Structure formats: C-alpha cells, structure tokens
Amino acid sequence: MSENTNNATKISTNELEARLQKAENIRARDGVVWKDKFDRTHTIADARNLSDGAQVKLAGRVTALRWLGKLMFGRIYDIEGEIQFSMSREELGEEQYKFMKANVDLGDFIGITGELYHTTAGELTVRVSKYDILSKALRPLPEKFHGLTDMETRYRQRYLDIISNPESRQALLGRFKMMQHWRDFMNSHGFLEIETPIMQNIASGAAARPFTTHHNALDADFQLRISPELFLKEAIGAGFDRVYEVAKDFRNEGMDAMHLQEFTMVEWYASYWDYNKNIKFTWDLIQYLLQKCRGTLQIEYQGTKLDFSKYEMIDYTAKMNEFFGCNILDFEDVNELRDKLVSAGMFPASELEDLKSLPALVDYVYKRKIRDKIVNPTVLYNYPAYMVPLARRNDEDVRRIEMYQFLVCGAELCKGYSELVNPIQQLAAFEEQAKNIADGDEEAFNPDNDFVRAMEHGFPPISGVGMGVDRLASIIFDQPTLRDIVLFPIMK
C-alpha cells in the first residue's frame, strides 16, 4: 500500500475523539445517534424539478458547511448530485442552531425539512425549518478542494472516490444506468433474460485459461466460467426463442487497461438468425445506448473523436493475407506458418516459440500488427475456421466461419457469429482443440462432450453475440481503463 494511501486513511486521535464526543452529544439529546429511517418526500434530483415555495423533506451526506454568524449555508449530496440548504438562527431557534454548528461535521448524514427558493446568486436552495441528524461519520472526507487523487486509494476506497470526484461518480452511475437501458432494449426485442451456472465442470465457450475452485460437499474441482455460451445455446435447444444473460465471467490471464480477470459480459442468442442479422442488431444496440447515455452518436474517447453514425468493414482473412503475404487458410501446421514469419523477418523466432497452435499464432500477429491500428467503429468479418470452434462454417468454403467482431480504438467490443449446430463438425472442432491443448496451448477451447450430446438432440439455426460491458462503458463514458468503470475492482 502506498504512503499516500496510508495518509488518506489516517485519522488523528484528537479528531476521532472529537467526533466520538459529538456522537455522545447527539445520543444524549436524541437517544440514538445512528437513526433507523427518515421519511423523505423527494430525492435531490426530484427537488430540482420543483418550483420555489415547494415544501420538501430531503436527506443526504453533508459535503459543505459555511457559517456566517446568524446564517449558514451547506450542501447535502446523494449519487445524483448536490443541493444547497440554508439555516438561520431566527428560524431554527438559538438552541437548534448552536447544536447543529457544534455537532455536525462534513460526512454526516442529515435530513432537512423546508421550502425551496433561489438565492440572489440564482442557486436553488432549501430554507430549513427543521433538521434531523441521521448518522455520524467518525472519519472525515478527503480534503474538499483537492479531492481524492491517489489512484490506489481511489480504487480501494471507491466510496470516497465517488463522493470526491464528480467524473468518477458520473461514469459509474452512467454505467449502471446503461445496463438498465440495455435490458430495456433486449426485452423490447423479444429476448428473455435467463441465468446459467458460474461454477462449471468444464469452462468452455472462449479461448482463455480458467480459474479453478473446489466444491467441498461434492469433493470435486470446478472451474469458474469463462463464458455462458454453451448453456445459453442449450437453452435455445430446449425451446427458448431468444435469450440473454448479464454474466460475470472469469479469465485467469494478464491484466492491463483493457483486460480484467473478473468482468461483465452480455451474451445473447436468437433462434433462426444468422450473423448478418446480428451485425445489424449489435449496431442498433450500440447506437441506442449512445443516444440514451450521451444523447449523441459523436463522442470523444481519450482525445480521439469517434462517429457512431457509421462503421467500416474489414475482411479479416484478406487483411491477414495481405500482411502474411500468403493465404492463411492454406496452413494446417503451426510450425510451417511460424517459420514463414521468421524467415520473412517479421518476428524473431524467440517471440513466437511459445505459440503452440495456429489460432494462437494468427491471433498474436493480429493483435500485435493490426488491431491497434483500427480506430473508427469497424466490423471485422470472414475469419479462418480454426480460430473459433463454435462458429458455423461457410457453405462455400468450410475453411471460413461466419463470424464478426466490432472494434473501436483497438478495443474488441464484441464477438458474434452464426452458431455451429452441426454435431459432427462440432465434435471434430473440439477434437482439434484437444490436440492444441495437448500441444501446449493453455488458452485453447476446452471440449465439452455434454454440449455435443445436447447438439445431437437437435439445435435450430442460431446466431449469438458476447459483448463486453466494461469495455463499451469505458468508451461511452471516456474512461482510460476498465478499472475506472468498475465499481469495486479487484485489488492486491
């Protein structure tokens, strides 16, 4: 823990004793320091829509106090914002006014009763006729005018970050409101939200290393899911027409600005759709969320202006062929393709020696040489079949799959495809993944025989998509890392 973090959380003995004494004063007067309730008539946001003279009962955390002899001004806060209040010695009475001044600190929660008016400076204010001390804060808030700047403290004590930094507050509040809009969009298009297991016998559905946990009652090891994909498709096989899940997923791999080990995905699957239908649906969803959250399709992300009124399309295989100088669909041996890259001087042999399968090698090259150069909203499509074993093969060339990804500023927002529903091809694809695992590819798809058996009972045509909530939110709300858009990120 950094020195700044220690300083931010320290509280002097004198300050603690002073606040404890004030709590005792409140207990002596009210009988209870930390009250059980307060009957509000409005939230702060509601009060801002009322006219002068309206009677209100509001509650919130005290964030400012300014005493001017017989008159004082303060502010109370909730997640939607702040509102000013005023108290006068004449209206409250000498005893109540002095008790407030002596015993209420920044950080305390109070309830106020009074009427709305505008000050001569034009600020909406509550003229308080009565106040209730609802909860005593024993620790102070960060210094008001400097806020909370130490990054580790901001993540570790997120509640202080939200109180102190309006930018963090608006981004995190916006992220959760975005999820309400997201659900509204899915529900309005006939999708049903369902739930699937987080602990699984085999974590499959994506190329990633899983976390493992032990189930004591069953005396068996389970894996935390890396994707809900297989269970959602089994639900389609059971007869659900369109399903989605807001899923917590876990991938035991590297952490950087755009990757977290615990993250949120929305995955959805629709019977009788193909991937072209889902490209349109995904784009409509993104535009809908932008309009709801930002009110515009033109936004700025970390200094880059983005226009979501249109998107570009890139043929993945053609782009990779251009870079490799050959057709990557023609290769079946990872060593042959690796040797070609090394002999052409594109990579040193030492950089590629740990890539044990074709999908791992091709994906590595794509991420190193191509992905970061894609800035504008872009759809990548037409991928090699060996990249994803769960996607439907193209009818004209089984070496290709009907898959796409949306990218913005080098970030992959989602992956979608026409789903593979042919159990014979699915079994063969899983066998290829098992070979990749045996060859040392730790992030290959884990084969799931139960899923193949379900498919053998018959699946309809399906198209599905998995979209990262954290990544999309970071772009919509212009946050530099995923941890800035996660309420309580994992800390060491």
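Residues numbered from 1 in each chain as written. Predicted model: local features only at pLDDT ≥ 70, side-chain atom pairs only at ≥ 80, totals over all residues. Heavy atoms only, no water.

### Side note on the sheet that holds strand 5 (residues 124-135)
The condition is simple: Only strands joined by at least two bridges in the DSSP assignment are considered to pair. The helix count covers DSSP runs of H or I at least four residues long, the strand count covers runs of E at least two residues long, and both are numbered beginning at the N terminus. Only C-alpha atoms enter the line fits that serve as axes; for helices the fit covers just the stretch in contact. Angles between N-to-C directions range over 0 to 180 degrees.
As summarised here, the arrangement of the 5 strands in space is 1-2-3-5-4, forming a closed barrel in which the pairing is mixed. Neighbour-to-neighbour, the strand axes of the sheet open up by a mean angle of 55°, direction not taken into account. Both strand 3 (residues 81-88) and strand 5 contribute to a ladder of 3 bridges, which runs parallel. Its bridge partner being in strand 5, S86 is matched across the sheet by R127.

### Side note on the nonpolar core
Under the convention used in this document: We define the nonpolar core as a collection of buried residues of types Ala, Val, Leu, Ile, Met, Phe, Trp, Tyr and Cys that are connected through side-chain atoms lying within 4.5 Å of one another. Exposed residues in this analysis have more than 50% of their type's maximum accessible area, buried residues have under 20%, and partly exposed residues fall in between, with area computed by a 1.4 Å probe over protein chains only. Between two residues, a contact is recorded if the distance between any of their heavy atoms is within 4.5 Å.
Within the largest apolar cluster, 48 residues are counted, with the highest numbers of intra-cluster contacts made by Y316, M320, F324, V362, L380, V388 and L390. Of all the secondary structure elements, the ones that give two or more residues to this core are helix 9 (229-238), helix 11 (316-324), helix 12 (334-343), helix 14 (358-369), strand 15 (378-384), strand 16 (400-408) and helix 16 (449-456). With 6 residues, the top contributor of residues to this core is helix 14. In contact with M320, other than residues within four places in its own chain, are I328, V362, V365, Y366 and I370. Counting residues in hydrophobic clusters, the runner-up holds 45 residues, among them A270, I286, L306 and V469.

### A closer look at the side chain of S86
We count it as follows: Polar contacts here mean pairs of N or O atoms no more than 3.5 Å apart (in protein, one a potential hydrogen donor and the other a potential acceptor; neighbouring residues in sequence count only if both atoms are side-chain atoms).
On the secondary structure map, S86 appears in strand 3. Judged by its relative accessible area of 4%, S86 falls in the buried class. Only 2.9 Å separates the side chain of S86 from the side chain of Y117, close enough to count as a polar contact. Each residue touching S86, except ones within four places of it in the same chain, is listed here: M72, F73, Y117, T125, V126, R127 and V128.

### Observations concerning helix 15 (residues 423-438)
Inclusion rule: Here, expected helix span is obtained from the residue count minus one, scaled by 1.5 Å. Each C-beta atom gives one direction from the helix axis, and the arc is the one those directions make.
Taking 1.5 Å per residue as the helical rise, helix 15 with its 16 residues ought to reach 22 Å, and the 22 Å between its terminal C-alpha atoms agrees with that figure. By the burial criterion, the buried members of helix 15 are Q426, A429, F430, Q433 and N436. Viewed along the axis of helix 15, the buried residues span an arc of 110°, placing them on a single side of the element. Turned more than 90 degrees from where helix 15 packs its buried face, I424 and A438 sit exposed. The inward-facing, buried residues of helix 15 contact helix 14 and helix 16. Where helix 15 begins, the capping side chain belongs to N422, and its oxygen is found 2.9 Å from the backbone nitrogen of I424. Of the residues trailing helix 15, G440 is marked for its positive phi of about 110°.

### Some remarks on helix 2 (residues 13-30)
An ideal rise of 1.5 Å per residue puts 26 Å on 18 residues; helix 2 measures up with 25 Å between its terminal C-alpha atoms. The set of residues buried in helix 2 consists of R19, K22, A23 and I26. What you see down the axis of helix 2 is that its buried residues fit within an arc of 100°, all on one side. For helix 2, the exposed residues lying more than 90 degrees away from the buried face are T13, N14 and A28. Turning to helix 2, the residues buried within the fold contact helix 5 (94-103) and strand 5. Where helix 2 ends, the next residue or the one after it, G31, has phi of about 90°, a positive value.

### Considering the sheet that holds strand 9 (residues 220-224)
With antiparallel pairing, 3 strands are arranged side by side in an open sheet as 7-9-8. Each edge of the sheet is formed by a strand with only one pairing partner; in this case those strands are strand 7 (199-200) and strand 8 (212-215). As paired strands, strand 7 and strand 9 are joined by 2 bridges and run antiparallel to one another. By the bridge assignment for strand 9, M199 is matched with L224.

### Description of the layout of surface pockets
Test applied: In this analysis, the protein atoms alone were mapped onto a 1 Å grid. Cavities are point sets where a 1.4 Å probe fits without being able to get out; pockets are open sets with protein on both sides within 12 Å along at least five of seven lines; lining residues have an atom within 4 Å of a point. Grid points are joined across faces, edges and corners, and a volume is the space filled by probe spheres set on the points.
Considered as a void within the structure, the second largest pocket measures approximately 610 Å³ in volume. Considering the residues around the second largest pocket, the lining is formed by 24 residues, among which F331, E332, L358, Y386 and E432 are closest to the centre. Looking at the lining of the second largest pocket, the elements that each hand over two or more residues are helix 12 and helix 15. No other element matches the 7 residues that helix 15 contributes to the lining of the second largest pocket.

### A closer look at the confidence of the model for the protein
Note the cut-off: Every residue is assigned a pLDDT by the predictor, reflecting its confidence on a scale from 0 to 100.
Across the protein, pLDDT averages 92, with 96% of residues at or above 70. The model gives residues 1-9 a pLDDT under 50, and that stretch makes 13 contacts with residues more than four places away or in other chains.

### Observations concerning a negative patch on the surface
The test is simple: Patch criteria: residues need more than 30% relative accessible area and no salt bridge. Like-charged residues are merged within 9 Å; nonpolar side chains of Val, Leu, Ile, Met, Phe, Trp and Tyr are merged within 5 Å. The Shrake-Rupley method, run with a 1.4 Å probe, gives the accessible areas here. Residue values count only the displayed protein chains as cover. For salt bridges, the criterion is a side-chain nitrogen of Lys or Arg within 4 Å of an Asp or Glu carboxyl oxygen. Note that His is not counted, nor are the chain ends; the positive residues are Lys and Arg, and the negative ones are Asp and Glu. Where a charge lies is defined by one atom per residue type: Lys uses NZ, Arg uses CZ, Asp uses CG and Glu uses CD.
Residues E332, D333, E336, D339 and E432 make up a contiguous surface patch of negative charge. When you line up the elements, D333 lands in the loop between helix 11 and helix 12. The exposure class of D333 is partly exposed, given its relative accessible area of 36%.

### Thoughts on the pattern of salt bridges
Considering all chains together, one arrives at 34 salt bridges under this definition. Notably, a salt bridge pairs D470 with R175, separated by 2.8 Å at the nearest N-O pair. Within this pair, whereas D470 is found in helix 17 (residues 469-476), its partner R175 is found in helix 8 (residues 166-188), the two being separated by 295 residues in sequence. Take D470: its relative accessible area is 4%, and that puts it in the buried class. Classification of R175 by relative accessible area gives buried; the value is 6%. The shortest N-O distance in the salt bridge between K233 and E229 comes to 2.9 Å. Here E229 and K233 lie together in helix 9, a separation of 4 residues that amounts to about one turn. Per residue, the accessibility class of K233 equals that of E229, and both read buried. Counted as one network, the salt bridges with shared partners bring together K22, D105, D108 and K136.

### Brief notes about the pairing of strand 17 (residues 411-418)
Two faces make up the sheet, and in a regular strand the side chains alternate between them. Judged by how many residues are buried, strand 17 sits mostly within the fold: 7 of 8 residues are covered. Of the pairings in the sheet, the one linking strand 16 to strand 17 comprises 6 bridges and is antiparallel in character. Residue pairing in the sheet places Q405 in a bridge with K415 of strand 17. Here strand 16 hands over to strand 17 after 2 residues, with C409 in that stretch at a positive phi of 50°.

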